[in-house]
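# Structure assessment
Residue strings, one per chain:
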Amino acid sequence: MKTVIFPFHKHYALLAKNIANLDFLQPAQFVEAWKNSQKNLQEKWETDVVLIFIGSLGIATRLTAPFLKNKRTDPGIIVIDGAANFCIVVNGGHSRSMNTLCRLIAEQLQLIPVITTGTEACGYLSPEEIAERLDCQIEDPHYLLKTIQSRLIEGEIIPFCFDESFSPPYFPGYQIQSSHHQFPQEPFLYLTDRISFCPKAVFVRPRSLVIGTGFRKQFSIEIFEEFYHDFIEKNKYSHLSVAEVLTLDRKVPSLLPLVQSKSIKITGYSPDQLKNVTGDFHSPCAQKHLKIPGLSEPSLIIRGAEILVGKTVYPDMTFALGRLPWKPQGSLTFIGIGPGQPNLMTIQAIQALEESDLIIGYETYLKMVPFRYQNRILSICTKMGEEIQRVKKAIELVKKGNRVAVISSGDSGVFGMTAPGVELAIQENIPWRIVPGITAALWGASLIGSPLVNGFCVISLSDYLIGWDSITTNLQLLAQTELPIVVYNLVKKDRSQKIEELVDIVQQNRGLETNVAIIKKDGTKEFVQLQQLIHSNLDMNTLLIIGGLRNKRLGEYLITDRGYTL
């Protein structure tokens, strides 16, 4: 993939150079597009696969419009605004994998990805994106892809068939079914490395096949490639599924030209590795000259492949075909989606949701997920009290190859799902990460001034998992400090009694006139004194900030005295 970055102004040159240095864009260069931009673009249009413009979307649109012909042949186009806020896909979202590239650039530069292709706007993954996630390639008549994408957007379920060696994970909008069943009459996806006649199939080709080969010194790469293709085609396997060619280590350089035109890997084994492979391989030449039992089939055995086609002899060379165990890689992400307002969800959280296949969470929090991802929500284990089942289901899906997001409001590490999640993920040895979010304490504090700048403590009144006696003991200790106390989870069960005990404990150390901020989910706020808290309208969606000894009330704000001289 060749990439050219076009900054529309010299002030964007530094950003352009930073983008050009990203590893996944190599080889890349940047052009001083503010100097004769149309001529520069014309020179690059047909020779470079990806064009990244920096500056106005309008300028990029007008500049590229005269050159656009067909989305299958036009280069991929991305625009990054001059303020470095947004990364926008303009062309090649599916066909050139620009949606994926956009997400990568956005993650590296902390931009907001803007992806408007139809399936992504509905929250579904296109066939091309599914292929990318499964490390596969798409092979199809293009009109079938267009039909499938249209059906997804219209809410239809797309059949996703697979051979028994390949069991794909579940993706919203698709129905997984074995190829043992009768093939559908409407367009469908078919995960297979075999060649078969299926006029309604969009083939998803896994990188599952390896070829073991040996050849004489009198070697022609042209003849080798001719026989290589003949061997694969006669055995009715797809070239797109060949991931690796195996041979003797000293013969690897001879095959390097093959790699230049194909996305395959060349691996060489030493005679010492090959001589220890046991079996009846009928390779007198290898036994006589190399002192090894064979090359084509033994190399497959060393690689751990199932032998599909045994050694096949061509003039001056041999081939054998094997299949590697296939298992897609899943991952588990714990995401804090903020206190509930869409504009308080971090860029990193949005990117993590964008990368997810499935989203799991408590039903109240699932309603906070942006509309675009609603179709990825898995509506199981969504009730309070199902936290362990929720994580176990997420781990089960990860093991099948899904990228699963487990969400919590605020930050997932503050009274959130990382508590059981991380421990179970470590026990099950699956990949996981945490995406932090803005916890309600910080959001609430931002609405009322500077109550927390000299330190603070946070406590939950929920006794669902922790005994009430432990909570009151912690409250007594916290009340003895000079720090403000942020109170979460004013649960409905015995709420009046809990608030009364909270007031009693705090007033013993801070007095009944202590300032308390009551902050509702919608951002409305109210100040009361501690003694008035008992009669206030409090619920599960209410946050309390109880003033500390250094807090003082200034009108509608709570200010902290930090010792500065004003």
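About the criteria used
- Residues numbered from 1 in each chain as written.
- Predicted model: local features only at pLDDT ≥ 70, side-chain atom pairs only at ≥ 80, totals over all residues.
- Heavy atoms only, no water.
- Pairing = 2+ DSSP bridges.
- Helix = DSSP H or I, 4+ residues; strand = E, 2+ residues; numbered from the N terminus.
- Axes fitted to C-alpha atoms, helices over the stretch in contact; angles between N-to-C directions.
- Contact = heavy atoms within 4.5 Å.
- Buried < 20%, exposed > 50% of the residue type's maximum accessible area, 1.4 Å probe, protein only.
- Parallel < 35°, antiparallel > 145°, perpendicular 65-115°, else oblique.
- Left-handed = near helix turned anticlockwise from the far one by under 90°.
- 1 Å grid on protein atoms, 1.4 Å probe; cavity = no way out; pocket = protein on both sides within 12 Å on 5 of 7 lines; lining within 4 Å.
- Points joined across faces, edges and corners; volume = space filled by probe spheres on them.

### As for the sheet that holds strand E4 (residues 76-80)
With mixed pairing, the six strands of this open sheet are ordered in space as E2-E1-E3-E4-E5-E6. A strand with exactly one partner marks an edge of an open sheet, and here the two such strands are strand E2 (28-30) and strand E6 (112-114). Across this sheet, the average inter-strand angle for adjacent strands is 20°, counted without regard to direction. Taken together, the three bridges between strand E1 (residues 3-7) and E2 define a ladder with parallel strand orientation. Directly across from Thr3, in E2, lies its bridge partner Ala28. Strands in contact with helix H2 (residues 37-44) are E1, E2 and strand E3 (50-54); relative to E1, the strand with the most contacts, it is inclined by about 170°.

### Things to note about the side chain of Ser356
Along the chain, Ser356 falls in the loop between helix H13 (347-355) and strand E18 (358-360). For Ser356, a relative accessible area of 2% translates into the label buried. Once residues lying within four places of it in the same chain are set aside, the contact partners of Ser356 are Arg133, Arg376, Arg403 and Ala405.

### Comments concerning the side chain of Asn99
For Asn99, the position within the fold is in helix H4 (residues 98-109). When near neighbours in sequence (up to four residues on either side) are disregarded, Asn99 contacts Val89, Gly93, His94, Ile115, Thr117, Glu120 and Glu129.

### As for the packing of helix H18 (residues 468-479) against helix H19 (residues 495-510)
At a closest axis distance of 9 Å, the pairing of H18 and H19 adopts a crossing angle of 25°. Accordingly, the angle class assigned to the pair H18 and H19 is roughly parallel. Relative to H19, the crossing made by H18 is right-handed. Residues Trp468, Thr472, Leu475, Gln476, Leu478 and Ala479 of H18 pack against Lys498, Glu501, Leu502, Ile505, Val506, Asn509 and Arg510 of H19.

### Comments concerning the layout of surface pockets
Each pocket or cavity is described by its volume, and for the largest pocket that value is around 1300 Å³. For the largest pocket, the lining is made up of 47 residues, of which Tyr365, Phe415, Ser460, Asn489 and Met540 are closest to its centre. Secondary-structure elements contributing two or more residues to the lining of the largest pocket are helix H14 (363-366), helix H15 (387-399), helix H16 (418-428), helix H17 (440-448), strand E21 (457-460) and H18. A total of four residues in the lining of the largest pocket trace back to one element, the largest contributor, which is H15.

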